[in-house]
Number of protein chains: 4
Amino acid sequence: MSNSLGRWFRVTSFGESHGRCVGVVVDGCPAGLPLEPEDVQQELDRRKPGQSSVSTGRAEDDRVEILSGVFRSRTTGAPICMLIWNLDRDSSGYEERRWTPRPGHADWTAHVRYGGFNDYRGGGRFSGRITAGYVMAGAVAKKLLASVLGVEVLAHSKEIGGVEARDVGANEMRNNAEGNPVRCADPEAARLMEEAINEAASDGDSVGGAVECIALNVPPGVGSPVFDTLEGDIAKAFYAIPAVKAVEFGLGKGYSSARGSAANDGYTIINGRFSTETNNAGGILGGLSSGMPIRCLVTFKPTPSIGRSQRTVDVSKMVETTIEVGGRHDPCIVPRAVPVVEGMVSVVLADHALGAGLIPRVLGGV
Amino acid sequence: MSNSLGRWFRVTSFGESHGRCVGVVVDGCPAGLPLEPEDVQQELDRRKPGQSSVSTGRAEDDRVEILSGVFRSRTTGAPICMLIWNLDRDSSGYEERRWTPRPGHADWTAHVRYGGFNDYRGGGRFSGRITAGYVMAGAVAKKLLASVLGVEVLAHSKEIGGVEARDVGANEMRNNAEGNPVRCADPEAARLMEEAINEAASDGDSVGGAVECIALNVPPGVGSPVFDTLEGDIAKAFYAIPAVKAVEFGLGKGYSSARGSAANDGYTIINGRFSTETNNAGGILGGLSSGMPIRCLVTFKPTPSIGRSQRTVDVSKMVETTIEVGGRHDPCIVPRAVPVVEGMVSVVLADHALGAGLIPRVLGGV
Amino acid sequence: MSNSLGRWFRVTSFGESHGRCVGVVVDGCPAGLPLEPEDVQQELDRRKPGQSSVSTGRAEDDRVEILSGVFRSRTTGAPICMLIWNLDRDSSGYEERRWTPRPGHADWTAHVRYGGFNDYRGGGRFSGRITAGYVMAGAVAKKLLASVLGVEVLAHSKEIGGVEARDVGANEMRNNAEGNPVRCADPEAARLMEEAINEAASDGDSVGGAVECIALNVPPGVGSPVFDTLEGDIAKAFYAIPAVKAVEFGLGKGYSSARGSAANDGYTIINGRFSTETNNAGGILGGLSSGMPIRCLVTFKPTPSIGRSQRTVDVSKMVETTIEVGGRHDPCIVPRAVPVVEGMVSVVLADHALGAGLIPRVLGGV
Amino acid sequence: MSNSLGRWFRVTSFGESHGRCVGVVVDGCPAGLPLEPEDVQQELDRRKPGQSSVSTGRAEDDRVEILSGVFRSRTTGAPICMLIWNLDRDSSGYEERRWTPRPGHADWTAHVRYGGFNDYRGGGRFSGRITAGYVMAGAVAKKLLASVLGVEVLAHSKEIGGVEARDVGANEMRNNAEGNPVRCADPEAARLMEEAINEAASDGDSVGGAVECIALNVPPGVGSPVFDTLEGDIAKAFYAIPAVKAVEFGLGKGYSSARGSAANDGYTIINGRFSTETNNAGGILGGLSSGMPIRCLVTFKPTPSIGRSQRTVDVSKMVETTIEVGGRHDPCIVPRAVPVVEGMVSVVLADHALGAGLIPRVLGGV
């Protein structure tokens, strides 16, 4: 049951990196939502490899197929199964590395958990390729949220390889993020990030970073105390993305050294509407949306696959050895993770908006 | 359904700050675990107010009552209902503040979500007092983990009011954390933290901080890909604690500026056992425990209740006004949050260890 | 997790027959529903023992206490914990019978499942007394359904000890069922049922029977294909009532020997409204309510506790022996099961009506 | 979320009758189970149409494709996605019938629930064809249960069109059921059943019936009180099969007119093993398996699609009219439902056996 997420907008993931396909079943999407493969494809295209100089050269086409749940370009209320076929699979390198777990990957933990029966080729079930399924589900959620509630979910690379973007507003994120290979809304930082990536790549190394995500127009009161908080469910969804190691909301880690008088967001009236003076809370109080923009930051570790020699153990013989992980790997996964982060936030918001009764079970009527 | 957490070791929370009680139902605990009220009480005592100069002066006694699921000092396999009665309730101040939401609290979002029907006294369902239930459940989980797997869960205050403790090992956490009022395992930092709290308190202000938690002896392979990762479930559990705004594992946010070659934990053999040279991953890879210590950091915002005047809005008249939140509030909740953090980690680990089949459904036999 | 039922209106049961209490937590009830202890008490009173000549003489008072989730006589949206204390407990007889499982009871299966750690006194967790919690939850669900949707749930004893009531309409069920000790809406059958019970009782024996339940005014489209059907969820809820062994909807078992031409409910227009000519389907098609009355029949086995000598095995010595189950037991549990059946149907309907978005999350507003 | 069933062995169904495919995702199957497409195909073949004179003439090939979760003929612990493509689709007849719901089908309730957006062709999501997915999941569960626990699940047609088979034992079910077109283990009754079906068919009519299912070698203690009982979960699973209207265990409806002294299964010792003298309880007490064979009976209504003219309403004009449902429909679905019933029982038993810790998470080891 660990491959399903959500209660009302429920996503079930399947597929492996080097298996036949990667897919997802979305259960709970209301009937009547207009949905074309193109709606999903455009998000998938943002995640696919080989888009730029900073990403892997694999020529995966990744065309989505919608197998169920859509009839005459509308969702039917039935589960939506979507998948991409794995066409460009070269599993030759993995056999020889089977007994030498790659540092930073899940090779070892998966081996232990599944008694060695796991499909280890390309990381199998633990590959970043699995997130293609999240993006497909996210595309449906995004369209649902936009259509019914006018919610907009935006993300960009906030930090890469030690380069931090300046604080940007929603307009900059909307307009600038897709304009450079690193998907950073601050063009100056973007150039430095690209440099940092290329420098690491030329060293046979990789860099980490962080994605900032905001959600606009989320009505107040979305989320559920005490356990199904908006923060908790978003964080849980983020940790399903390989390489995520930190999740913050609003001021996040900055709260640690703050004082209450400065950190509390005072209430005020702006243009006749109840509002807060600041948004340190990142739009969430008590696990519920406040009506202010939701803002979060997700930190990714550097791509574990690097060209350099690393220490490992041959677990079949229990002797120390070294490994060089060749192949086509992004020196930084952050830019391609941007649509994945947007997708996960969209999935969680759709789930909670349905749970809060803000989205009807049928959109329009025949 | 938002008040339940977990699948195998399932916790259902109930109660309000100024209602009759705060309690919890634990469903799924194996039969045969020795359990006395004292096992739960000793954890509750660590959370209770009025323990020291840095915590509120309320004299809550908070004696646990076990209402079901235990027979002759052993768990029976039936749901365990536990509660504490609310005896020291003074709800007088809350009526006048009903229409002026306190900044940083969930007053406003709860009001919107529940149409004003929520019990607003003392924050009601959103009060930190709810975490007493988490601690009760955590005490059962902790005992279960220790008895069956030898797992030990330890936490301490890593940062308070800008003062950061030096890195400490498990022994220091075990021996030092309970030795000072701020529950910090670094005695020197502890003194400075205490000063920072007292200074803020004398200013009618509050400070935030962070709790570090480790879990020792967790067998490898605990957790579930892709959505029910150990990180995701622990993070989700943490965000159920009021005031949590950031959750990190291992190097956490530090990964953002790291390179793969430095961040990857190389594999090695130590004393004949497969191990990692470093533990930047915080004991979790691919959402599964690696066998290394699990290490995480939880950031808390400063107590929102401060003595100073803050801007708010009278929502019954929609006019701006100010509020001073009097009453007995901790100027820093981090020290009392330490057992709550331990409890939540214990609950999630017990849940996953049961899910992984590492804990039998019956312990011993009659 | 096996002690929770439902997804949107979620019921968590706790307590044992001879423990401190029997209770329930209801999570997901909308905020703003007027709720007094009396609303729950009146349903509990229908279930309580000692109401008539055909029921046990135990003088349990069974006063409900609402511990959480209600504030100023309105639900708050927080979990509602309710319980009755076990006051009239005489556990003396159970110790000697510990190793000789009573035929027809769960003594043996519980012993195996819980390794002998289960609270065996009075059947412990498997006692019919647990259904008091179902009735409490059912009372809340019933009030919610009636207030928001005008749904009415009615039940009566359709068959007892081989005596079958004639088919009755909703009016008769509403007016007659509470007018006789066996709760049968057909007064003539009621007299014969009472005789059958008394005859069995004078033989130291017991009789089985069946409860018929209808739900009026359920809007069409409630339920969820393919697994969370209305029939499936109602049946599952019924099987949580000890002694239930068959569940039918509409024509039920009669469909087995019917032909399609006679069994299909033809569509027609009655008073300008779309309707069916007959209601063999019991108001459910494809797992969804059709708008016609929902009708189901639940068969109960005879009370397993009888005065006669029965064969059993002393499992501590593994030798065959006999047992006479004394004590105060109803010779037929069907009459007292009537409010339990109503409660379970109400809980499932409330759950699905919330899931279908037919009940708002906030009722009214402050 | 209504298209998923189970907690540990979790089945998610997708697809429509006239869409691209019908499929299922199985999540939670342990790693290391040998699994070939042929294991699934042989069960699918029993369900497929066109097997005999009493079933529809459609030439669906229904070849299973396993898309994920199996690597080198072993399950990996990852979700197993399986599907059959819909190749023989003739949707031409459905357009004209769109506004005239077929009596006995879910056309009307689905239309209401999904606002007319549902895929109505061939019943869409409500078609019996969906059960192909259940059979695929059931095949995996069956193999898992047999391999690890030696559990055997058998079913046959107990009643068709008023003809009831005599009581048969496990051997007869195992040997005879597949030997005749109606899948009845009593050869004499089988002939009469076949006649009853053919007679109805020649009248343009259909007949109902009932499937009896037993499960052998289920260890005692499987199931979970109080809500996740074995009976409740099996019943819920059965009601996901279109046309099921009654579910009984053991003596079932017969308990209604029985006395406790006759109905209770006395305990005894047989060949040194604790046992019951009779098995009226159908192998389940208190929702837990007793170690005796599990026995249940599922009643199916007659196929709603009949050649005869039936009354209906044109809902686009709200006028009464008639409908003749042509096409290729089985005059009795009971024979083809036999493998579906076995599959559902297998799925529920696998789920509970995993939940009870009786099946390890990894089978064998590499």
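All values reported here derive from a predicted model rather than from experimental measurement.

Participant: Could you give me a rundown of the packing of helix 7 (residues 230-238) of chain A against helix 9 (residues 334-355) of chain A, with the residues and numbers involved?
Facilitator: Residues and elements named next belong to chain A. In contact at an axis separation of 9 Å, helix 7 and helix 9 are set at 140 degrees when each is read in the N-to-C sense. What the angle tells us is that helix 7 and helix 9 run oblique. The crossing of helix 7 and helix 9 is right-handed. Listed contacts from helix 9 to L230, D233, I234, A237 and F238 of helix 7 are M344, V345, V347, V348 and H352. Grouping the constituent residues of the contact of helix 7 with helix 9 by class yields 8 nonpolar, 1 polar and 1 charged.

Participant: If you had to explain the relation of the copies chain D and chain B to someone new, which residues and values would you point to?
Facilitator: Screw-axis analysis of chain D against chain B gives a translation of 0.0 Å along the axis, an RMSD of 0.0 Å, and a rotation angle of 180 degrees. Look at the turn and shift together and you get a two-fold axis relating the two. No C-alpha of chain D approaches the rotation axis more nearly than that of D:G357, which lies at 3.2 Å. An overlap of 100% is found between the interface residues of chain D and their copies at the interface of chain B, pointing to a shared contact surface.

Participant: I'd like to hear about the interface of chain D and chain B, residue by residue, with values.
Facilitator: Taken together, the 5 residues of chain D in the interface contact 5 residues of chain B. Classifying every residue of the side of chain D that touches chain B by side-chain character gives 2 nonpolar, 1 polar and 2 charged.

Participant: Lay out the relation of the copies chain B and chain A in plain terms, naming residues and giving numbers.
Facilitator: Mapping chain B onto chain A calls for a rotation angle of 180 degrees and an axial translation of 0.0 Å; the resulting RMSD is 0.0 Å. The fraction of interface residues of chain B whose copies in chain A are also interface residues reaches 100%, indicating that both copies meet through the same surface.

Participant: Can you tell me about the interface of chain B and chain A, naming the residues and giving the values?
Facilitator: Facing 90 residues of chain B, the contacting portion of chain A comprises 91 residues. When the residues that make up the side of chain B that touches chain A are grouped by side-chain class, the tally is 39 nonpolar, 32 polar and 19 charged. By the bridge criterion, 3 bridges tie strand 11 (residues 244-249) of chain A to strand 11 (residues 244-249) of chain B in an arrangement that is antiparallel. Across the sheet, the residue bridging to A:E248 is B:A246, located in strand 11 of chain B.

Participant: Now, about unusual backbone geometry: what can you tell me, with residues and values included?
Facilitator: Across the junction of A:P225 and A:V226, the peptide omega takes the value -5 degrees, indicating a cis bond. Along the chain, A:V226 turns up in the loop between strand 10 (209-216) and helix 7.

Participant: Any details on the pairing of strand 13 (residues 273-276) of chain A? Residues and values, ideally.
Facilitator: Here 4 bridges tie strand 12 (residues 267-270) of chain A to strand 13 of chain A, and the two strands are oriented antiparallel to one another. Residue pairing in the sheet places A:T268 in a bridge with A:S275 of strand 13 of chain A.

Participant: Would you mind going over the packing of helix 1 (residues 37-47) of chain A against helix 9 of chain A in detail, with residue names and values included?
Facilitator: Residues and elements named next belong to chain A. Running from N to C, helix 1 and helix 9 point in directions that differ by 140 degrees, and their axes come no closer than 6 Å. Classified by the interaxial angle, the pair formed by helix 1 and helix 9 is oblique. Between helix 1 and helix 9, the contacting residues are E43, R46 and R47 on the first element and R336, P339, V340 and G343 on the second. Class assignment for the residues of the contact of helix 1 with helix 9 results in 2 nonpolar, 1 polar and 4 charged.

Participant: Account for the sheet that holds strand 4 (residues 65-66) of chain B, naming residues and giving values.
Facilitator: All names here are of chain B. The 5 strands are arranged 1-2-3-7-4 in an open sheet whose pairing can be described as antiparallel. If you trace the sheet from one side to the other, it starts and ends with strand 1 (4-5) and strand 4, each paired once. Where helix 4 (residues 131-149) meets the sheet, it contacts strand 2 (10-15), strand 3 (21-27) and strand 7 (80-85), and its direction lies at approximately 35 degrees from that of strand 3.

Participant: Run through helix 4 (residues 131-149) of chain D, naming residues and quoting values.
Facilitator: Along its 19 residues, helix 4 of chain D runs 25 Å from first to last C-alpha, staying within 8% of the 27 Å computed at 1.5 Å per residue. Within helix 4 of chain D, 15 of the 19 residues are buried, which leaves it mostly tucked inside the rest of the structure.

Conventions adopted
Residues numbered from 1 in each chain as written. Chains lettered and ligands numbered in written order. Predicted model: local features only at pLDDT ≥ 70, side-chain atom pairs only at ≥ 80, totals over all residues. Axes fitted to C-alpha atoms, helices over the stretch in contact; angles between N-to-C directions. Helix = DSSP H or I, 4+ residues; strand = E, 2+ residues; numbered from the N terminus. Parallel < 35°, antiparallel > 145°, perpendicular 65-115°, else oblique. Left-handed = near helix turned anticlockwise from the far one by under 90°. Contact = placed C-beta atoms within 7 Å. Nonpolar A, V, L, I, M, F, W, Y, C, P; charged D, E, K, R; others polar. Least-squares fit on C-alpha atoms with pLDDT ≥ 70 in both. Pairing = 2+ DSSP bridges. Expected span 1.5 Å × (residues − 1). Buried ≥ 20, exposed ≤ 12 C-beta atoms within 10 Å, placed from the backbone.

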